[in-house]
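Overview (structure and organization)
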Amino acid sequence: MAHATPLAGQVALVTGASRGIGAAIARELGAAGATVVVNYASSPAAAEAVVAGIVAAGGSAWAHQANVADEEQVEAMVKTVLEKEGRLDVLVNNAGITRDGLLMRMKTADWQSVIDLNLTGVFLCTRAVSRSMLKARSGRIINITSVVGLMGNAGQANYSAAKAGVIGLTRSNAAEFAARGVTVNAVAPGFIESDMTADLDKEPIIKAIPMGRMGSAAEVAGAVRFLAADPAAAYMTGQVLQVDGGMVMR
Ligand code: NAP
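Let us look at the structure shown here.

Reading guide: rules and limits
- Residues numbered from 1 in each chain as written.
- Predicted model: local features only at pLDDT ≥ 70, side-chain atom pairs only at ≥ 80, totals over all residues.
- Heavy atoms only, no water.
- Helix = DSSP H or I, 4+ residues; strand = E, 2+ residues; numbered from the N terminus.
- Rg over C-alpha atoms; globule rule 2.2 N^0.38 Å.
- Buried < 20%, exposed > 50% of the residue type's maximum accessible area, 1.4 Å probe, protein only.
- Contact = heavy atoms within 4.5 Å.
- Lys, Arg positive; Asp, Glu negative; His and termini not counted.
- Charge placed at Lys NZ, Arg CZ, Asp CG, Glu CD.
- Near = heavy atom within 4 Å.
- Polar contact = N/O pair within 3.5 Å; in protein donor to acceptor, adjacent residues only side chain to side chain.
- Salt bridge = Lys/Arg side-chain N within 4 Å of Asp/Glu carboxyl O.

Regarding the overall build of the protein
Scanning the protein from N- to C-terminus turns up eight helices and seven strands. Since a compact globule built from 250 residues should have a radius of gyration of about 18 Å, the 17 Å found for the protein is in line with a globular shape. Taken over the C-alpha atoms alone, the protein extends approximately 50 × 40 × 40 Å along its principal axes. Every one of the 250 residues in the protein was classed for burial, and the buried ones make up 47%. For the protein, contacts bridging at least 24 residues in sequence account for 71% of all contacts bridging at least 6. For the protein, the centre of its 21 positive side-chain charges and the centre of its 21 negative side-chain charges are spaced 5 Å apart.

Right, dumping it as structure tokens:
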């Protein structure tokens, strides 16, 4: 039987964990025994509610505000985690935004802000944790990409380019870190119920999903828990795990 708390004694940092998929990942890793650092950008009350939920369930967590697109804030966040906890075992790069629009009318600022957060943010957080993980010769990095990064999507040139970039980054980092005991994998959700998808027209989306429904944040969190846990995913690196109800089969 799988161990109920495979992450006991470990520390996990989840970016963008105040809402949606990140909040579900934080709860899942907390239930798996990790001390969870709940990163957020602008929702302190929501982040504290996630912390309170993990603690009420018998786990351990605290919140830390940082914009993951800001190099100084990312470096300071990781320094704080290492000073407070003395270790950092799992990084989940989850924070993400959309600024959709057709390419011809897409504002440069909307291109840049999505690349800065969804792609450069993953680079900054990964680089910031790499020194301590490589030194410890152990660590799990899990990047939340999207099926849109695999197949493209009209109206999401910025988002799909960033998410495809995350897949390239995942594979390159996996190759760099493999010999030092650090794995790097990605999870590619399809359409998941969250604030990000709240305003979308659901009918055509659901028609394109063989399972005939959108996914839940908890279903993405289950895949992240698997990738974070030992020994379950110990021999997996550079992989993209799709959680999409069969939407993209390749
Ligand atoms: P969401 O509900 O909109 O939540 C986004 C989270 O990111 C919030 O916790 C937000 O924090 C945080 N965030 C935003 N800007 C940030 C910044 N500059 N620094 C740090 N954190 C920041 O989104 P979601 O649907 O849960 O998506 C989570 C991830 O899954 C994203 O990477 C997204 O691209 C990916 N994804 C989602 C779907 C889907 O269908 N929902 C599908 C595929 C992939 P605040 O609350 O503080 O603003």
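Regarding the side chain of Ser43
Locating Ser43 in the fold gives a position in the loop between strand E2 (35-40) and helix H2 (44-56). Look past the residues within four positions of Ser43 in its chain and what remains in contact with it is Ser18 and Arg19.

Observations concerning the site of the ligand
If you check the shell around the ligand, you find 31 residues, and the closest are Ser42, Ser43, Asn94, Tyr159 and Ser194. Within the side chain of Arg19, one N or O atom sits 2.8 Å away from an oxygen atom of the ligand. Take Val68: an N or O atom from its main chain is 3.1 Å from a nitrogen atom of the ligand. Secondary structure elements with two or more residues in the shell around the ligand: helix H1 (20-31), E2 and helix H6 (157-177).

A closer look at the pattern of salt bridges
Taken as a whole, this structure holds eight salt bridges when the rule is applied. With a closest N to O distance of 2.9 Å, Asp89 and Arg87 form a salt bridge. Under the relative-accessibility criterion, Asp89 is labelled buried at 8%. The partner of Arg140 in a salt bridge is Asp230, and the shortest N-O contact between them spans 2.8 Å. Separated by 90 residues along the polypeptide, Arg140 in strand E5 (residues 139-144) and Asp230 in the loop between helix H8 (217-228) and strand E7 (240-243) bring together distant segments of the chain.

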